[in-house]
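# Coordinates in review
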Amino acid sequence: MILFLAARPVTAPPVRPTSAVRPAPPVRPAPRRRRARLRPPARLRPFAPYRRIFAVPGTRAFTAANLLARLPMGMLSISAVLMIAGSRGSYALAGAVTATGLAATALAGPWTARLIDRYGQSRIAVPATALATLGSLALLLCVHYGAPDWTLFASYAATATTPNTGGMSRARWAHLFRDDPAARHTANSFEQAADELCFLLGPLLATLLCTTLFPEAGTAVAAALLLTGVLLFAAQRRTEPPVAARTAGHTPTRSPLRLPGLPPLLSTFLCTGAIFGSLEVVTLAYADTHGIRSAGGALLALQAAGSGAAGLLYGLLRPTARPGRRFVRCLAAMASLMLLPLVAASTGSPAALAAALLLAGMATAPTMVTGMGLVQSRTPPRQLNEGMTLAVTALLGGIAAGSAGGGWAVDHLAGPGAAYGVPAAAAALAPAVTLLTGRRGPNRP
């Protein structure tokens, strides 16, 4: 019996599942991973610097408003000339009136900018623009109703309180990127390209309005755009630079003209303005001589287009550590390229002159961008608007002198082709003046 039991196989009883032991859940396949969206490297994103500055809240709004306010800067003068010459039949009177307004702007502009620095953009720009708009409307009414000639001079002189809209926009960029030189360089490049665009479209729009509608249309539209743009610009308060606090014993701040590094820059801007003024007069005379008077504006537009394109591309480059040397190199490049119109005009081919003007404009915007950057670096933040307005005043003075010199060369030299030597000489004078007057050296802030 014992042997029989030992021979039987021993089997374990079946284990019944209990509530504590549950079958394992089925294995599900792992979810697919979404592919990460790779951003292209910086070298494949050429406009990343511009996207970066416009990503700051409020920058797009004040830029759009400022462009609207800046467009009339290229419309007011030519609208006044066409309006006065069309009603009074005298280009001499029209030129004298606009020259008076230019001189008044050169005198009143720095004072308006000083008030803006002291009390803020929104508090000063709006009433100053309202006064300038009233001056434009008074000029329109005096011309329309045949008022005496002296009223034209008085009315147009009242527009001298127009604020430097481009300077106010650059001041906002300088405040937003006060610790980022690369972003300031990109912003200044954009502002210069915007200037070129406004001075490209402004005369075309003014001519179209004055010739297709009625002679006063250009002045009326320019005044409306200026007032609307400044009101919208002043409403953007969160990007406005703060006003420096004034203490009880505060002494009056000396003019930026007395700062050691600014007068050499202003003398260079004076020479640069002479390039612009003489180039405009000589090109219009060249087109008139060759029987293509209507194409004179298009030839000048090519120069502005080349400058604007170069300004945008220049903003994509990383600025070097020594802007003073870069400024001298830009001036040297501008002096070299300004020889091209002189050579092209000697061939007697308008097509060759058009190509030369396009290439000659390539160095203008980089020079202006670097120069304005130096003005910002050498001017205290509390006087930034005044410093940049002084640069614009020097440009206006150079434009007036260049226009006179270009007109004299057209009448006394062997045709408009030889008169292109005036802008070439002014361009050669700019780097020489910078090196001679900047004894401290343009590399020192």
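Residues numbered from 1 in each chain as written. Predicted model: local features only at pLDDT ≥ 70, side-chain atom pairs only at ≥ 80, totals over all residues. Heavy atoms only, no water.

### Digging into the overall build of the chain
Stated formally: Secondary structure elements are taken from DSSP: a helix is a run of H or I of four residues or more, a strand is a run of E of two residues or more, and numbering for both begins at the N terminus. What makes two residues a contact is simply this: any of their non-hydrogen atoms within 4.5 Å.
When helices and strands are tallied, the chain shows 19 helices and zero strands. For the chain, the share of sequence-separated contacts (at least 6 apart) that also reach a separation of at least 24 residues comes to 83%.

### Considerations on the environment of Met 168
Basically, it comes down to this: Exposed residues in this analysis have more than 50% of their type's maximum accessible area, buried residues have under 20%, and partly exposed residues fall in between, with area computed by a 1.4 Å probe over protein chains only.
Note that Met 168 resides in helix H8 (residues 165–176). By relative accessible area, which is 1% here, Met 168 ends up buried. Along the backbone, Met 168 and Asp 117 are 51 residues apart, and their C-alpha atoms lie at a distance of 9.7 Å.

### A few points about the packing of helix H11 (residues 262–289) against helix H16 (residues 364–378)
Inclusion rule: Helix axes use the C-alpha atoms of the stretch in contact, all axes being lines fitted to C-alpha atoms, and the angles between their N-to-C directions lie in the range 0 to 180 degrees. Oblique is the label for every angle not falling under 35 degrees (roughly parallel), over 145 degrees (roughly antiparallel), or within 65 to 115 degrees (roughly perpendicular). Each helix crossing is assigned a hand: it is left-handed if the near helix lies turned anticlockwise from the far helix by less than a right angle, otherwise right-handed if that turn is clockwise. Think of it as three bins: nonpolar holds Ala, Val, Leu, Ile, Met, Phe, Trp, Tyr, Cys and Pro, charged holds Asp, Glu, Lys and Arg, and polar takes everything else, Gly as well.
It is the contact of H11 with H16, at a shortest axis distance of 11 Å, that shows an interaxial angle of 155°. Accordingly, the angle class assigned to the pair H11 and H16 is roughly antiparallel. Crossing angle aside, the handedness with which H11 passes H16 is left-handed. Only Thr 364, Met 368, Gly 371, Met 372, Leu 374, Val 375 and Arg 378 of H16 make contact with H11, whose side of the interface consists of Leu 262, Leu 265, Phe 269, Thr 272 and Phe 276. Class assignment for the residues of the contact of H11 with H16 results in eight nonpolar, three polar and one charged.

### Digging into the side chain of Asp 180
Put simply, the test is: Polar contact is the term for a pair of N or O atoms within 3.5 Å; when the atoms are in protein, one must be able to donate a hydrogen and the other to accept it, and sequence-neighboring residues count only if both atoms are side-chain atoms.
Following the sequence through the fold, Asp 180 ends up in the loop between H8 and helix H9 (181–212). A relative accessible area of 18% places Asp 180 in the buried class. Reaching out from Asp 180, the side chain makes a polar contact with the backbone nitrogen of Ala 183 at a distance of 3.3 Å.

### Notes on a nonpolar patch on the surface
Quick reminder of the rule: The patches described consist of residues with a relative accessible area above 30% and no salt bridge, like charges being joined within 9 Å and nonpolar side chains (Val, Leu, Ile, Met, Phe, Trp, Tyr) within 5 Å. Where accessible areas are quoted, they stem from the Shrake-Rupley method and a 1.4 Å probe; at the residue level, only the protein chains shown are allowed to cover. The working definition used for a salt bridge is a side-chain nitrogen of Lys or Arg within 4 Å of a carboxyl oxygen of Asp or Glu.
Residues Leu 302, Leu 340, Leu 358, Leu 359 and Met 362 make up a contiguous nonpolar surface patch of roughly 350 Å² in combined accessible area. Position of Leu 358 among the secondary structure elements: in helix H15 (residues 350–360). Using a relative accessible area of 32% as the deciding quantity, one classes Leu 358 as partly exposed.

### Examining the nonpolar core
The condition that has to hold: The term nonpolar core refers to a set of buried residues drawn from Ala, Val, Leu, Ile, Met, Phe, Trp, Tyr and Cys, joined through side-chain atoms within 4.5 Å.
Of all hydrophobic cores here, the largest spans 44 residues; its most connected members are Phe 269, Met 338, Val 375 and Tyr 420. Among the secondary structure elements, those contributing two or more residues to this core are H8, H11, helix H13 (323–337), H15, H16, helix H17 (384–412) and helix H19 (421–437). Broken down by element, the residue count for this core peaks at twelve residues, all from H11. Excluding residues that lie within four positions of it along the chain, Met 338 makes contacts with Ile 275, Leu 279, Gln 303, Ala 360, Thr 364, Pro 423, Ala 424 and Ala 427.

### As for the pattern of salt bridges
According to the stated counting rule, one finds five salt bridges in the structure shown. Several salt bridges share partner residues, and in doing so they unite Arg 70, Arg 170, Glu 191 and Asp 195 into one network.

### Structural notes on the environment of Gly 406
Along the chain, Gly 406 turns up in helix H17. When the C-alpha positions of Gly 406 and Val 282 are compared, they lie 5.8 Å apart, and in sequence the two are 124 residues distant.

### Section: the confidence of the model for the chain
Quick note on the threshold: Residue-level confidence of the predictor is summarised by pLDDT, bounded by 0 at the bottom and 100 at the top.
Of all residues in the chain, 82% have pLDDT values of 70 or greater, and the mean over the chain is 78. pLDDT under 50 marks residues 1–12. Its contacts with residues more than four places away, or in other chains, come to zero contacts. Ignoring residues within four places in sequence, the model shows residues 35–42, a span with pLDDT below 50, making two contacts including any to other chains.

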